[in-house]
2 protein chains.
Amino acid sequence: MCYNYFLNIFNLSSMKMAREKDRKLIFDKQGLEAFAIQLKKIRNNKGFTQNQLAFESGISISQIARIETARINPTLSTIFVLSRTMDVSLPELFNFQI
Amino acid sequence: MCYNYFLNIFNLSSMKMAREKDRKLIFDKQGLEAFAIQLKKIRNNKGFTQNQLAFESGISISQIARIETARINPTLSTIFVLSRTMDVSLPELFNFQI
DNA sequence: TTCAATTATAGCACATGTGCTATAATTATT
DNA sequence: AATAATTATAGCACATGTGCTATAATTGAA
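Here the residue index of a chain counts from 1 through its sequence in written order. A letter from A marks each chain and a number from 1 marks each ligand, given out in the order of writing. Thresholds applied to this predicted model are a pLDDT of at least 70 for local features of residues and 80 or more for the giving and counting of side-chain atom pairs; totals over whole chains, interfaces and linings are not thresholded and use all residues.

## Structural notes on the overall build of chain A
Moving on, step 1. Secondary structure elements are defined from DSSP: runs of H or I of at least 4 residues count as helices, runs of E of at least 2 residues count as strands, and each element is numbered from the N terminus. Helices and strands together make up the secondary structure of chain A, namely six helices and zero strands.
Moving on, step 2. Counting from the amino terminus, helix and strand elements in chain A follow one another as α-α-α-α-α-α.
Moving on, step 3. Within chain A, the proportion of its 98 residues that are buried is 26%.
Moving on, step 4. Residue pairs at least 24 apart in sequence account for 66% of intrachain contacts in chain A once pairs closer than 6 positions are excluded. With C-beta atoms placed from the backbone, a residue counts as buried when 20 or more other C-beta atoms lie within 10 Å of its own, as exposed when 12 or fewer do, and as partly exposed for counts between those limits. A pair of residues counts as a contact when their C-beta atoms, built from backbone coordinates, are within 7 Å of each other.

The following block contains the structure:
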């Protein structure tokens, strides 16, 4: 029997057992906090207030605050927009350890 | 009157006018497609199938396929988990132009 | 100390990310 | 050509990201 067949069977059964009632999605607090620090640092270095960044990027002020306090899990598109608005490269924005 | 007061007023009124009925969230197709290509390239270079990556990362196979075809907007935590699982740095994962 | 500017928090409605299950399509191997 | 392996797609239920509005808290300037 091939490797992947067993992989599938094992995957299904173990996941089901772990998912009986409440399903929690991934929330990488450590990674999000590292990102938050980097984003805030770059925003300040580029001379934006949260309000200015919100206005120029089209992303709401409350959302920027949530991201910079690692309280939510932003999507990639949101990050791409912030990156373009502040004219910062993605490798620089993600230059931290997780 | 200070700058930010007008900023707030202008922000509120223009956003409301643009948001009369249906609200569309940001979906940066260009950025997501670039990311998808980079993710798939690195996954192949590291020798993972989608199935293997799903199993080791705990992220569903369908989600990995959706990400690699730029059909959805993944969250940062999802990306951080994939980065750790494949042992690839974030700057490398985001080494593309948007 | 007071006030202005900035950032953080709260809660609601809506859009959508995610897991699951199944199936279809494509690619690789025999 | 047939089969196996891999990837893509579909749809549903649930979790949560996002915009909006308002307010609270913190920080900076006067």
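Having seen it, we continue.
## Describing the interface of chain B and chain A
Moving on, step 1. Each partner contributes residues to the interface: chain B has 26 residues there, and chain A has 26 residues.
Moving on, step 2. Elements represented by at least two residues in the side of chain B that touches chain A include exactly helix H1 (3-18), helix H2 (29-45), helix H3 (50-57), helix H5 (76-86) and helix H6 (90-93) of chain B.
Moving on, step 3. Here the element with the most residues in the side of chain B that touches chain A is H5 of chain B; it accounts for seven residues.
Moving on, step 4. In the side of chain B that touches chain A, the residues fall into 15 nonpolar, nine polar and two charged. The classification used treats Ala, Val, Leu, Ile, Met, Phe, Trp, Tyr, Cys and Pro as nonpolar, Asp, Glu, Lys and Arg as charged, and all other residues, Gly among them, as polar.

## Points about the packing of H3 of chain B against H5 of chain B
All names here are of chain B.
Moving on, step 1. Whenever a helix is involved, its axis is fitted only over the stretch in contact; in every case the axis is a line through C-alpha atoms, and angles between N-to-C directions fall within 0 to 180 degrees. Relative orientation of the contacting elements H3 and H5 amounts to 105°, with a least axis distance of 10 Å. Between H3 and H5, the angle falls in the class roughly perpendicular. The residues of H5 that touch H3, namely those facing Leu 53, Glu 56 and Ser 57, are Val 81, Leu 82 and Thr 85.
Moving on, step 2. Of the residues that constitute the contact of H3 with H5, the class distribution is three nonpolar, two polar and one charged. Our angle categories are set so that under 35 degrees counts as roughly parallel, over 145 as roughly antiparallel, 65 to 115 as roughly perpendicular, and the remainder as oblique.

## Describing the environment of Phe 27 of chain B
Moving on, step 1. Along the chain, Phe 27 of chain B turns up in the loop between H1 and H2.
Moving on, step 2. With 61 residues separating them in the primary sequence, Phe 27 of chain B and Val 88 of chain B have C-alpha atoms 25 Å apart.
Moving on, step 3. Those residues in contact with Phe 27 of chain B, other than ones at most four positions away along the chain, are Ser 77 of chain A together with Asn 73 of chain B.

## Quick look at unusual backbone geometry
All names here are of chain B.
Moving on, step 1. Look at Ala 70: it is not a glycine, yet its phi comes out positive at around 55°.
Moving on, step 2. Its location among the elements puts Ala 70 in the loop between helix H4 (61-68) and H5.
Moving on, step 3. Using a count of 21 C-beta atoms within 10 Å as the deciding quantity, one classes Ala 70 as buried.
Moving on, step 4. Backbone geometry at Asp 87 places phi at a positive 55°, although glycine is not the residue there.

## Let's talk about the packing of helix H5 (residues 76-86) of chain A against H2 of chain B
Moving on, step 1. At a closest axis distance of 9 Å, the pairing of H5 of chain A and H2 of chain B adopts a crossing angle of 110°. The angle between H5 of chain A and H2 of chain B falls in the class roughly perpendicular. Side by side, H5 of chain A and H2 of chain B meet where Leu 76, Ser 77 and Phe 80 of chain A of the first sit next to Gly 31, Leu 32 and Phe 35 of chain B of the second.

## Structural notes on the nonpolar core
Moving on, step 1. Grouped together as the largest cluster of nonpolar side chains are 32 residues, with contacts concentrated most on Leu 76, Ile 79 and Phe 94 of chain A together with Leu 76, Ile 79 and Phe 94 of chain B.
Moving on, step 2. Filtering out sequence-adjacent residues up to four positions away, Leu 76 of chain B remains in contact with Gly 31, Leu 32, Phe 35, Asn 73, Pro 74 and Ile 79 of chain A. Put simply, a nonpolar core is buried Ala, Val, Leu, Ile, Met, Phe, Trp, Tyr and Cys residues tied into one set by C-beta atoms within 7 Å.

## A short note on the relation of the copies chain B and chain A
Moving on, step 1. You can overlay chain B on chain A at an RMSD of 0.0 Å; the transform is a turn of 180° with a shift of 0.0 Å along its axis. Here the two chains are linked by the operation of a two-fold rotation axis. To superpose the copies, least squares is applied to the C-alpha atoms of every residue with a pLDDT of at least 70 in both.

## Description of the environment of Glu 33 of chain B
Moving on, step 1. Within the element layout of this structure, Glu 33 of chain B appears in helix H2.
Moving on, step 2. Spatially, the C-alpha atoms of Glu 33 of chain B and Gln 52 of chain B are 22 Å apart, while their sequence positions differ by 19 residues.

## Looking at the confidence of the model for chain A
Residue and element names in this part refer to chain A.
Moving on, step 1. Summary of the metric used: pLDDT quantifies the predictor's per-residue confidence within the range 0 to 100. Per-residue pLDDT for chain A has a mean of 86; in total, 79% of the residues score no lower than 70.
Moving on, step 2. Ignoring residues within four places in sequence, the model shows residues 1-20, a span with pLDDT below 50, making five contacts including any to other chains.
Moving on, step 3. Confidence metrics for the complex model read pTM 0.85 and ipTM 0.86.

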